[in-house]
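Structural overview for review
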Amino acid sequence: MMNIQQYLQDRKKMVEEALFKHLPPPNTYPAVIHEAMHYSLAAGGKRLRPILVLASAEAIGHCDPAAMAPLYCAVEYIHTYSLIHDDLPAMDDDDFRRGKPSCHKAFGEGIAILAGDALLTYAFELLTHLAPPEGVFPEELVVRIIKDISCSIGTTGLIGGQVVDLQSEAVRVDLDTITYIHRHKTGALFKTCILSGARLAGATEKELEHLANYADAFGMAFQIIDDILDIEGDPALLGKPTGSDAKKQKATYPGLMGIEAARAKAEDCISQAVRALESFGEQAEALRQLAVYIGQREI
């Protein structure tokens, strides 16, 4: 059986080498903005989104990590931008991220906003490198991936989910609203990582359909577990204080239905994700193990 911890460690090392290789050096003028970008990326994290890009390509059977680097680096830049903005006083007002002062605490709010903007903008510049002359993938396919990523992080994706999340603070919401928040604020980027990696690997429409089902269940399970960890996780492992969701009266599964029911829902989503991969062979083992892993994670 695959050792998922070793897989994650190996892939994370490879991803991080590419992340900083593709980013402008921190001393590039004006240095402060590039320092802030590097600072936020260097805070660490699981690098789960880039790893999902690679794992989904492996499931199709055609994974070239070097050729796909612009894609998996871009999605991590986008994820980091969203975290920088998420931590701002106008949003979640978090002083720490992964055990380090948040970008706005280290560099000030203005530079933090610009650092997030810069990472987002640079991500789309880098995505163009998937196509010739820098890359090897057909221009039509690259345009499709850029469109999919744009939709996943815009008002029909991440930003839309963030808006509803903000509007749902301190008000009574139903399960449909919480599900919308989770599927858009968190799940949409996971989904586009999985489908974009598979598209670059030459996935068929049927394979993409199965992977979309996997992605929907995976994203929901991940966010529910995240909400549970905010209640009973170890702050030392998480790198930030727990209890912030309750303090801000956030709309969460545990808050609505209790921890045990939320955990059961997450376990059901993990089972759905694994079942969605039944038509794939051993090449999809990383995706299977990743689904199980998120249910057991402590960070």
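This text follows the structure it describes.
Let us look at the structure shown here. For every chain, the first residue of the written sequence is number 1, and numbering continues from 1 along that sequence. Local features in this predicted model are restricted to residues of pLDDT 70 or higher, and side-chain atom pairs are both shown and tallied only at a pLDDT of 80 or more, whereas totals for entire chains, interfaces and linings draw on every residue. The basis for every side-chain value is the complete set of non-hydrogen atoms in the structure, without hydrogens or water.

**What to know about the overall build of the chain**
- A run of H or I in DSSP counts as a helix once it spans at least four residues, and a run of E counts as a strand once it spans at least two, with each numbered from the N terminus. Across its full length, the chain carries 15 helices and 2 strands.
- The C-alpha atoms of the chain give a radius of gyration of 18 Å, which matches the 19 Å a tight globule of 299 residues would have.
- Considered along the principal axes of its C-alpha atoms, the chain spans approximately 50 × 50 × 35 Å.
- The buried share of the chain, taken over its 299 residues, is 53%.
- In this description, contact between two residues means that some pair of their heavy atoms is separated by no more than 4.5 Å. In the chain, of all internal contacts separated by at least 6 residues, the share reaching a separation of at least 24 is 73%.
- For every accessible area listed, the method is Shrake-Rupley and the probe measures 1.4 Å; residues are considered covered only by the protein chains on display. About 13300 Å² of surface is accessible on the chain, with carbon and sulfur atoms providing 54% of the total.
- A distance of 1 Å separates the average location of the 28 positive side-chain charges in the chain from that of its 41 negative side-chain charges. Only C-alpha atoms enter the radius of gyration; for comparison, a globular chain is expected to reach 2.2 Å times N to the power 0.38, where N is the number of residues. Categorising residues by exposure relies on relative accessible area from a 1.4 Å probe, with only protein chains included: less than 20% of the type maximum marks a residue as buried, more than 50% marks it as exposed, and the intermediate range marks it as partly exposed. Asp and Glu are treated as the negative residues and Lys and Arg as the positive ones, with His and the ends of the chain left uncounted. Where a charge lies is defined by one atom per residue type: Lys uses NZ, Arg uses CZ, Asp uses CG and Glu uses CD.

**Focus on the packing of helix 7 (residues 139-153) against helix 9 (residues 175-200)**
- The angle between two axes is taken between their N-to-C directions and runs from 0 to 180 degrees, where each axis is a line fitted to C-alpha atoms and a helix contributes only its stretch in contact. At a minimum axis separation of 9 Å, helix 7 and helix 9 run at an interaxial angle of 170 degrees. Classed by the angle they form, the pair helix 7 and helix 9 counts as roughly antiparallel. Where helix 7 approaches helix 9, its residues Leu141, Arg144, Ile145, Asp148, Ile149, Ser152 and Ile153 are matched on the opposing element by Ala188, Leu189, Thr192, Ser196, Arg199 and Leu200. These descriptions rest on fixed angle ranges, namely under 35 degrees for roughly parallel, over 145 for roughly antiparallel, 65 to 115 for roughly perpendicular, and the rest for oblique.

**Side note on the nonpolar core**
- Core analysis: the biggest nonpolar cluster contains 93 residues, and Tyr77, Tyr214 and Leu290 have the highest contact counts within it.
- It is helix 10 (residues 205-232) that contributes the most residues to this core, 14 residues altogether. Think of a nonpolar core as a cluster: buried Ala, Val, Leu, Ile, Met, Phe, Trp, Tyr and Cys residues, connected wherever their side-chain atoms sit within 4.5 Å.

**Remarks on helix 8 (residues 158-167)**
- Of all the residues in helix 8, the buried ones are Leu158, Gly160, Gly161, Gln162, Val164 and Asp165.
- Taken together, the buried residues of helix 8 touch helix 4 (65-86), helix 7 and helix 9.

**A look at helix 9**
- The terminal C-alpha atoms of helix 9 lie 35 Å apart, and with 26 residues this matches the ideal 38 Å at 1.5 Å per residue to within 8%.
- When the local axis directions of helix 9 are compared, the greatest deviation, roughly 55 degrees, occurs at glycine 187.
- Phi for glycine 202, located one or two positions after helix 9, is positive at around 90 degrees. By this rule, a helix spans an expected 1.5 Å times one less than how many residues it contains. The angle between axes fitted to the seven-residue stretch ending at a residue and the seven-residue stretch beginning at it gives the bend at that residue.

**Some remarks on the packing of aromatic side chains**
- Any two of the Phe, Tyr and Trp rings considered here, Trp counted by its six-membered ring, make a pair once their centres fall within 6.5 Å; the pair's planes then place it as stacked at under 30 degrees, edge-to-face at over 60, or tilted in between. Across all of its chains, the model carries 5 aromatic pairs by this definition.
- Here phenylalanine 190 and phenylalanine 218 contribute two aromatic rings whose centre-to-centre distance is 5.3 Å and whose plane-to-plane angle is 80 degrees, an arrangement assigned as edge-to-face. One end of the pair, phenylalanine 190, is in helix 9; the other, phenylalanine 218, is in helix 10, with 28 residues separating them in the sequence. The same class applies to phenylalanine 190 as to phenylalanine 218, namely buried.
- Ring-pair connections join several aromatic residues into one group, and the members of that group are Phe190, Tyr214, Phe218 and Phe222.

**Description of the side chain of glutamine 289**
- Turning to its location among the elements, glutamine 289 is positioned in helix 15 (residues 285-296).
- Among all residues touching glutamine 289, those that are not within four sequence positions of it are Met1, Met2 and Ile4.

**What about the environment of glycine 187?**
- Within the element layout of this structure, glycine 187 appears in helix 9.
- Sequence-distant contacts of glycine 187, that is, excluding residues within four places in its chain, are made with His182 and Gly219.

Purely spatial values, then, with no claim about function.
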